[in-house]
Amino acid sequence: MIKMYGIKNCDTIKKAQKFLTTQGVDFEFIDFRQDPINEQTLQSFIDAVGWEKVINKRSTTYRNLSDEEKQNITLALTLKNPTLIKRPVLVTESGVSVGFDKETYQKLG
């Protein structure tokens, strides 16, 4: 089963969900504001793609961090501020992808 992690009011999430739905791909959506992810799940994202891809440096949450926090992003800080995570995070049998990329998503159909 494909899992998509994000927040429901995110435009990129809406675009990705619409794309998968029109492709006939079944997926489970996990809103990490309503159903917070745990440390192991976040660590699995980081292990798969690295901190650089997981953290959304264009987010308001990131821009509001202190310079020290930006230099020392931790699991605890990210779990406390889930909107730091770039969206969507898609978990499939073949791995983890972050962000919406049509080519990657088309391979799921």
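Here the structure is shown first, and the text comes after it.
Residues numbered from 1 in each chain as written. Predicted model: local features only at pLDDT ≥ 70, side-chain atom pairs only at ≥ 80, totals over all residues. Heavy atoms only, no water.

Participant: Help me understand the environment of Asn64 in this model?
Facilitator: As for its position among the elements, Asn64 is in the loop between helix H4 (60–63) and helix H5 (67–71). Residues Asn64 and Arg33, 31 residues apart in the sequence, show an inter-C-alpha distance of 18 Å. (Helix = DSSP H or I, 4+ residues; strand = E, 2+ residues; numbered from the N terminus.)

Participant: How do you make sense of the side chain of Asp31 when you look at a structure like this?
Facilitator: By secondary structure assignment, the location of Asp31 is in strand S2 (residues 27–31). Summary of buried charges: Asp31 has no salt-bridge partner, and the nearest side chain of opposite charge, Lys8, is 5.1 Å away. A polar contact is formed between the side chain of Asp31 and the backbone nitrogen of Arg33, at a distance of 2.9 Å. Setting aside its immediate chain neighbours within four residues, Asp31 contacts Gly6, Ile7 and Lys8. (Buried < 20%, exposed > 50% of the residue type's maximum accessible area, 1.4 Å probe, protein only. Lys, Arg positive; Asp, Glu negative; His and termini not counted. Salt bridge = Lys/Arg side-chain N within 4 Å of Asp/Glu carboxyl O. Polar contact = N/O pair within 3.5 Å; in protein donor to acceptor, adjacent residues only side chain to side chain. Contact = heavy atoms within 4.5 Å.)

Participant: Got a minute to help me understand unusual backbone geometry in this structure?
Facilitator: Most peptide bonds are trans, and most residues other than glycine sit at a negative phi. A cis amide bond links Arg87 to the next residue, Pro88, at an omega of -15°. You can see Pro88 is positioned in the loop between helix H6 (75–80) and strand S3 (89–92).

None of this, on its own, says anything about what the molecule does.
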